[in-house]
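Here is what each chain is made of, one letter per residue.
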Amino acid sequence: MTSTADYQTTVRVKASPDALFDALTTTTSLAAWWNPVTGFGTTGGELRFHMNAPDPLVIQVDEATRPTSVRWTVVDCPFLPDWIGTRPTFTITPGDGDAAELFFRHQGLSEELECFGMCTRSWQHYMTSLRDYLESGGGSPFGSPADLARRQAHIAATSIR
């Protein structure tokens, strides 16, 4: 049996751990850097991300401990069933001055899943969007000009092959 690694990345931001925590737990902030969402980002809450699909991505908030960690479990994802049961986790550590570091791991998102390439490209974009949102007040969430441009670039690159 082969073992594959989960997708993970580290992002350093010029923002406090509390600001980073809020960006991961409030619907206004989540919508500003990732996707439109409804629900509650507190421990025990449920978030419903409204992407370009008839039914939302539904996430259970397993833990939201200010300002150090946020853990989710994907409970429903009709448009990407591979995600069901995966666990995005966000670990926040303070940096120098008013800075923080985010270690993001999407447990279960590995090369074994068909969506791995697309999903890792998306997370890379959205982690940059999160940093930009925290540092400048403007992210590149789903449907933004930057998000649409990266999607079009990928389509163009794959159609050339």
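These numbers come from a predicted model, not from an experiment. (Residues numbered from 1 in each chain as written. Predicted model: local features only at pLDDT ≥ 70, side-chain atom pairs only at ≥ 80, totals over all residues. Heavy atoms only, no water.)

S.K.: Just to check I follow, could you spell out the overall build of the protein chain for this structure?
M.R.: Each helix and strand in the protein chain was counted, giving four helices and seven strands. For the protein chain, the α and β elements follow one another from N to C terminus as β-α-α-β-β-β-β-β-β-α-α. Expected size for 161 residues packed as a compact globule is a radius of gyration near 15 Å; at 15 Å, the protein chain falls within 12% of this value. Seen through its C-alpha atoms, the protein chain measures out along the principal axes to roughly 45 × 35 × 30 Å. By residue count, 40% of the 161 residues in the protein chain fall in the buried class. Restricting the contact set of the protein chain to residue pairs at least 6 apart, pairs at least 24 apart contribute 45%. With 12 positive and 18 negative side-chain charges, the protein chain shows a spacing of 4 Å between the two charge centroids. (Helix = DSSP H or I, 4+ residues; strand = E, 2+ residues; numbered from the N terminus. Rg over C-alpha atoms; globule rule 2.2 N^0.38 Å. Buried < 20%, exposed > 50% of the residue type's maximum accessible area, 1.4 Å probe, protein only. Contact = heavy atoms within 4.5 Å. Lys, Arg positive; Asp, Glu negative; His and termini not counted. Charge placed at Lys NZ, Arg CZ, Asp CG, Glu CD.)

S.K.: Teacher, can you tell me more about the sheet that holds strand 3 (residues 46-49) here?
M.R.: Across a sheet, strands are paired by hydrogen bonds formed along the backbone, either parallel or antiparallel in direction. Read from one edge to the other, the open sheet built from seven strands follows the order 1-7-6-5-4-3-2, with strand pairing classed as antiparallel. On the outer flanks of this sheet lie strand 1 (7-13) and strand 2 (37-39), each paired with one strand and no other. Neighbour-to-neighbour, the strand axes of this sheet turn through a mean angle of 20°, independent of strand direction. One ladder, built from three bridges, connects strand 2 with strand 3; its direction is antiparallel. When the bridges of strand 3 are listed, Gly-39 appears paired with Leu-47. The sheet contacts of helix 1 (residues 17-25) involve strand 1, strand 4 (57-65), strand 5 (69-76), strand 6 (87-94) and strand 7 (100-107), and relative to strand 6 the element is tilted by about 165°. (Pairing = 2+ DSSP bridges. Axes fitted to C-alpha atoms, helices over the stretch in contact; angles between N-to-C directions.)

S.K.: Looking at this model, I keep getting lost on the side chain of Thr-86. Mind explaining?
M.R.: When you line up the elements, Thr-86 lands in the loop between strand 5 and strand 6. Setting aside anything within four residues of it in sequence, one finds Thr-86 in contact with Trp-72, Thr-73, Val-74, His-106, Gln-107, Gly-108 and Leu-109.

S.K.: Hey, could you run me through the packing of aromatic side chains in this one?
M.R.: Going through the model one piece at a time under the given rule, you end up with eleven aromatic pairs. Their ring planes at 10° and their centres at 5.9 Å tell us that Trp-34 and Trp-72 sit as a pair that is stacked. Note that Trp-34 is positioned in the loop between helix 2 (27-33) and strand 2 and Trp-72 in strand 5, a separation of 38 residues in sequence. Using a relative accessible area of 3% as the deciding quantity, one classes Trp-34 as buried. Taken together, the ring pairs connect Tyr-7, Trp-33, Trp-34, Phe-49, Trp-72, Trp-83, Phe-90, Phe-104, Trp-123 and Tyr-126 into an aromatic cluster. (Phe/Tyr/Trp six-rings, centres within 6.5 Å; stacked < 30°, edge-to-face > 60°.)

S.K.: Can you help me understand helix 3 (residues 116-136) in this one?
M.R.: Residue pairs three or four apart in sequence face the same way in an α-helix, which turns once every 3.6 residues. The end-to-end C-alpha distance of helix 3, which contains 21 residues, comes to 30 Å, matching closely the 30 Å that a straight helix rising 1.5 Å per residue would cover. Directly beyond the C-terminal end of helix 3, a positive phi value near 85° is found at Gly-137. (Expected span 1.5 Å × (residues − 1).)

S.K.: When you look at the nonpolar core in this model, what are you seeing that I'm missing?
M.R.: Grouped burial of nonpolar side chains is what soluble globular proteins tend to show. If you look at the biggest cluster of nonpolar residues, it comprises 40 residues, and the most contacted ones within it are Trp-34, Phe-49, Trp-72 and Trp-83. Sorting elements by how many residues they give to this core places helix 3 first, with seven residues. Those residues in contact with Phe-49 that lie beyond four places of it in its chain are Leu-30, Trp-34, Asn-35, Pro-36, Val-37, Pro-56, Leu-57, Ile-59 and Trp-72. (Core = buried A, V, L, I, M, F, W, Y, C linked by side-chain atoms within 4.5 Å.)

S.K.: Teacher, can you tell me more about the side chain of Ser-129 here?
M.R.: Turning to its location among the elements, Ser-129 is positioned in helix 3. Within polar-contact distance, the side chain of Ser-129 engages the backbone nitrogen of Ser-140 at 2.6 Å. Residues contacting Ser-129, with those up to four places away along its chain left out, are Ala-32, Trp-33, Gly-139, Ser-140 and Pro-141. (Polar contact = N/O pair within 3.5 Å; in protein donor to acceptor, adjacent residues only side chain to side chain.)

S.K.: When you look at the packing of helix 1 against helix 3 in this model, what are you seeing that I'm missing?
M.R.: A pair of packed helices is captured by two measures, namely the crossing angle of their axes and the spacing between those axes. The geometry of helix 1 relative to helix 3 is characterised by a closest axis approach of 11 Å and an angle of 125° between their N-to-C directions. The orientation of helix 1 with respect to helix 3, classified from their angle, is oblique. Of the two possible hands of crossing, helix 1 and helix 3 adopt the one that is right-handed. Counting all contacts with helix 1, which are made through Ala-19, Leu-20, Ala-23 and Leu-24, the residues of helix 3 involved are Leu-130, Tyr-133 and Leu-134. Split by residue class, the contact of helix 1 with helix 3 holds seven nonpolar, no polar and no charged. (Parallel < 35°, antiparallel > 145°, perpendicular 65-115°, else oblique. Left-handed = near helix turned anticlockwise from the far one by under 90°. Nonpolar A, V, L, I, M, F, W, Y, C, P; charged D, E, K, R; others polar.)

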